[in-house]
Structure formats: C-alpha cells, structure tokens
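Residue-level listing of the chains:
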Amino acid sequence: LLGLQHLFAMFGATILVPAITGLSISATLLFAGLGTLLFHLITGRKVPAFLGSSFAFLGAYGLVTASGAEIPLTYSSFGVACAGLLYLVLALLFKVFGAQKVMRYFPPIVTGPVIIAIGLTLSQSAIDNCGNNWLVALVAILVVIIFNIWGKGMLKIIPILLGVVASYVFSMIVDAPTRATLVEHVSQAAWIGLPVKWENTALSIFGNNFDGGMLVTAIITIMPIALATMVEHIGDICAISSTVEKNFVSDPGLHRTLTGDGLATAIAALFGAPANTTYGENTGVLELSHVYDPLVIRIAACFAIIISFIPKVSAIISTMPSAIIGGVSFMLYGMISAIGVRNVVENKVDLTKSRNLIIAGVIFVCGLGFSGGLTFTIAGTSITLTALAIAAIAGILLNIILPGNDYEFGVNPAGDENR
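Small disclaimer: the values here were computed from a predicted structure and weren't measured.

Cut-off values and rules
Residues numbered from 1 in each chain as written. Predicted model: local features only at pLDDT ≥ 70, side-chain atom pairs only at ≥ 80, totals over all residues. Heavy atoms only, no water. Helix = DSSP H or I, 4+ residues; strand = E, 2+ residues; numbered from the N terminus. Contact = heavy atoms within 4.5 Å. Areas by Shrake-Rupley, 256 points an atom, 1.4 Å probe, with all protein chains shown as cover. Axes fitted to C-alpha atoms, helices over the stretch in contact; angles between N-to-C directions. Parallel < 35°, antiparallel > 145°, perpendicular 65-115°, else oblique. Left-handed = near helix turned anticlockwise from the far one by under 90°. Nonpolar A, V, L, I, M, F, W, Y, C, P; charged D, E, K, R; others polar. Patch = residues over 30% accessible without salt bridge, like charges linked within 9 Å, V, L, I, M, F, W, Y side chains within 5 Å. Salt bridge = Lys/Arg side-chain N within 4 Å of Asp/Glu carboxyl O. Phe/Tyr/Trp six-rings, centres within 6.5 Å; stacked < 30°, edge-to-face > 60°. Buried < 20%, exposed > 50% of the residue type's maximum accessible area, 1.4 Å probe, protein only. Core = buried A, V, L, I, M, F, W, Y, C linked by side-chain atoms within 4.5 Å. pLDDT = per-residue confidence, 0-100.

Visitor: So what's going on with the overall build of the protein? Which residues, and what values?
Guide: A count of helices and strands for the protein gives 19 helices and four strands. Reported as C-alpha extents along the three principal axes, the dimensions of the protein are approximately 65 × 55 × 40 Å. In the protein, of all internal contacts separated by at least 6 residues, the share reaching a separation of at least 24 is 82%. Here the protein has roughly 17600 Å² of accessible surface; of this, 68% comes from carbon and sulfur atoms.

Next up, the structure:
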C-alpha cells in the first residue's frame, strides 16, 4: 500500500511528459521503474528516491535544424542520452574535487535565471493547447490550484494527477467526441503488450536514412540542458536528506547519486523514454508518511514496470484532450519560472551587484531572444544551438570570467535544498 501511494504521487507528472512530447507512455513507465531500481543499486539501496520524467528536457523535443526541418524524436532522444552521460562527468568531478569547488561554477545567479527562462520559453505551447478548449483547461487549472493550496495529506501531494483526472472526466461529460475516442482506443488496445518498439528508440536512427548533421545538432543543442537538471538533482538529494535526516550528500555521496541518475537518463532516452530525474512529489510522500525505507520506493518502481506492459493504460492516457495537457502545463510552466525566482530569493542573491545583474540579464536575453537558436557550420555540418543552450553556456562562462563570485555550496542549506 505504501508503494502504491508513491506510484500515485509520481504518476501524473511522469505520464504528462510523454503526453506533451509524443514519446511512448509505456516506455516512460517502464524506464521510470527500471531507472529507479538502477539508481538504488548504484547508491547501495540507501536513498529513498524515485526517478520520474524530467520536465527540463521538454524544450529538447520539437527542435528544428537550420534549414527548418523538424528533428525527429529519435534524434532528440539520442541527444538526451548524451546529456545523461554529462552526469558521469560531474560525478567524477565531485569525487575528485568535492562538492564545494564544483558547485562554485553553478551558483544561483546562473541556475535561477536559466530555470526562469525554461518556464517562459515553454509557456506559449501551454497557451496554444489551452486554446483548443479553454473551459476544459480552466477545470484542470482550478483543480491543481485548489488541491495545491487547500489539499490535505496525500491530496496535496498529487494535484497534477487530480487535475488530469477531474478535467478528463469533465471533458467526457461535455464533449461527446472525447467519449467516443476514448471508448474506441481502449477497446482496440490489448491487455498485455511490449512497452518498447524499435522504431521509437534512439538506436533506430542508425539505418539507411541516417543524418549525421541532424544528430550533431541534437547532441550539441540538448546536452547543455543537463546543467540545469544536474543542479535540480543535487537540490532533490539535499531535500531528501533534510526529510530523512541523513546526509546522503556524504553517504553514499553525490558522485554515486549523480551516476545513478545519469545512467538511468541515458538508458531511458536510448529506448525512447524521457530523461529521468529524482522526484520531489515522492519526497513529499516521505514527509507525509514518515516511512523512509527505500524498499517502499522499489516496490513503487515494480508497480510502474508492471503497468508499462498494459497497453490499455497507455490508450487511456494517449486519448487525453490537448486542452487538459494545456491546462496542467499552464500551471507547471509558470511554476518552473516561479521556482527559478524562489531559487534567487532563497539564496539571497545580491542583485545590487553589477556582475549579478549582467549575468542574469545576458541569460534572459539569450534564453528569450534567440527564438530560432544560433546556427553555425563546423566541417561542413550545420549545427544549431537553442536559446536555452546559449543562455546556459553564456551564464556559466560569465560567472567564471567576471570577478566577485562569492557563492559557497553548503553555507545556506535551505537555499541549496531549494536549488
């Protein structure tokens, strides 16, 4: 029962990523479960963390090349897999140099504005989806807000799932085509099936129609997004440590947790699932239940794996009206940006300093101004960097170059946990 509680906590947000991007829902659930088990194996079964779908990589799908051609999901997935391998590089740096020296290059004046830019750049897609049926979208928005603010116990932890379910039921009541589509898809879907199809995997790109330039563009464009998700991971581990009252930053160590998260992300992406990340929703369940045994999380992971082999579940989710996705995304994308603001505030970033204003300003202009990205040619291959990639790279470089970086990881635990 405790495992099912963790399953419900992660379910709404985890399935929303493939619903938005077009990735396989079954593969997402399978590799959320397998990724969690792999993470627990690498961390010595000590950390009660669940790995679900990462929202930070939403901007990695639907990319276009310099010629305007859309990059297929399979190529984007390969780029996400390479981003997962960056975790291993950071894990090695933590092992060799320690957290304080490495985190100096990821201060809140860089990570905060980048997170704000991620939410703002995604906002237009939420509005476009809401436009298909604003009434249904408003139901989703209101349910998420109500349970997020006034919900008690478990209901407060799963507002996204409740918003999806409530608006789905409402759309079936007011929209006959939605009912008909749901019945048709569910009746045609099998009870048992394989969650992974070869043509949806990143490995399938290495065939007759392989495009090397498109692959290089996807890798170089997507990999910098890992800079935000790696900091997110560190914040989640700090939050779990605070909840459980054990120092997981030291034991098993960030080098082990980053390795587990990175390998889980890389493997999931190769098989057509979204990037993984440690889930704050499940940390909320730990705080609610006061049951900190990592075995409970592994039971939830096994439930996710079992559900991935039931195509009827994917059929129900895949028929979800786009207005529902729009309504929930409306809240999520706004909250991503708001979390970036909170990141800056809780870490007491001094914006009276010119260096901080310059770094934040450059990140915002790059993240929001380069709407078409930046295209250049290397060895005859056209490569496009997205706005977010440019913003992240510019922010990190400016933080290194400009004098006055006084950030120290560990001095403000509350701020570090938030980040």
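Visitor: Break down the packing of helix α3 (residues 73-97) against helix α10 (residues 212-222) for me, citing the residues and quoting the values.
Guide: Running from N to C, α3 and α10 cross one another at 45°; their axes reach a closest spacing of 8 Å. The angle between α3 and α10 falls in the class oblique. Crossing geometry of α3 relative to α10 is assigned as right-handed. Two secondary-structure elements touch here, α3 through Tyr75, Ser76, Phe78, Gly79, Val80, Cys82 and Ala83 and α10 through Met214, Leu215, Ala218, Ile219 and Ile222. Grouping the constituent residues of the contact of α3 with α10 by class yields ten nonpolar, two polar and no charged.

Visitor: Would you mind going over the environment of Leu203 in detail, with residue names and values included?
Guide: Mapped onto the secondary structure, Leu203 falls in the loop between α9 (176-188) and α10. With 107 residues separating them along the chain, Leu203 and Ile310 place their C-alpha atoms 24 Å apart. Not counting residues within four places of it along the chain, the set of residues in contact with Leu203 comprises Trp198 and Leu270.

Visitor: So what's going on with a nonpolar patch on the surface? Which residues, and what values?
Guide: On the surface, a cluster of nonpolar side chains totalling about 790 Å² of accessible area is made up of Ile127, Trp134, Leu138, Leu142, Ile146, Ile149, Trp150 and Phe330. Sorting elements by how many residues they give to the nonpolar patch places helix α6 (residues 134-150) first, with six residues. Tracing the chain through its elements places Leu142 in helix α6.

Visitor: How would you sum up the pattern of salt bridges? Please name residues and give values.
Guide: Applying the stated criterion to the full structure yields one salt bridge. In this structure, the salt-bridge partner of Lys46 is Asp251, at a minimum N-O distance of 2.8 Å. Here the residue Lys46 occupies a position in the loop between α2 (25-42) and β1 (51-53), and Asp251 occupies one in helix α12 (residues 249-270), the gap between them amounting to 205 residues.

Visitor: Go over the packing of aromatic side chains with me, naming the residues and quoting the values.
Guide: The full count for this structure, using the stated rule, is three aromatic pairs. Both rings, one in Phe31 and one in Phe271, keep their centres 5.4 Å apart while their planes meet at 15°; by these two values the pair is stacked. Placement of Phe31 in helix α2 and of Phe271 in the loop between α12 and β2 (276-278) is noted, with a sequence separation of 240 residues between them. Overall, Phe31 belongs to the buried group, its relative accessible area being 8%.

Visitor: Describe the packing of helix α5 (residues 108-130) against helix α17 (residues 354-369), and please don't skip the residues or the numbers.
Guide: One can describe the packing of α5 onto α17 by two numbers: an axis separation of 9 Å at closest approach and a directional angle of 25°. If you check the angle between α5 and α17, you find them roughly parallel. α17 is crossed by α5, and the crossing has right-handed handedness. On the side of α5, the interface is formed by Ile109, Val110, Pro113, Val114, Ile116, Ala117, Leu120 and Thr121, while α17 contributes Arg355, Asn356, Ile359, Ala360, Ile363, Phe364, Gly367 and Leu368. In terms of residue class, the contact of α5 with α17 is built from twelve nonpolar, three polar and one charged.

Visitor: Break down the nonpolar core for me, with residues and values.
Guide: Membership of the largest hydrophobic core comes to 113 residues, with the highest contact counts inside it found for Phe55 and Phe94. If near-sequence neighbours (up to four positions away) are discounted, Phe94 is found in contact with Ala99, Val102, Met103, Ile234, Leu254, His255 and Leu258. In this structure, Ala27, Leu30, Ala268 and Ile305 belong to the second largest nonpolar core, which totals six residues.

Visitor: So, the confidence of the model for the protein: which residues are in play, and what are the values?
Guide: Looking at the protein, the pLDDT average stands at 84 and 95% of residues meet or exceed 70. Mean pLDDT per element in the protein: strand β4 (residues 381-385) is the minimum at 61, and α2 is the maximum at 95.

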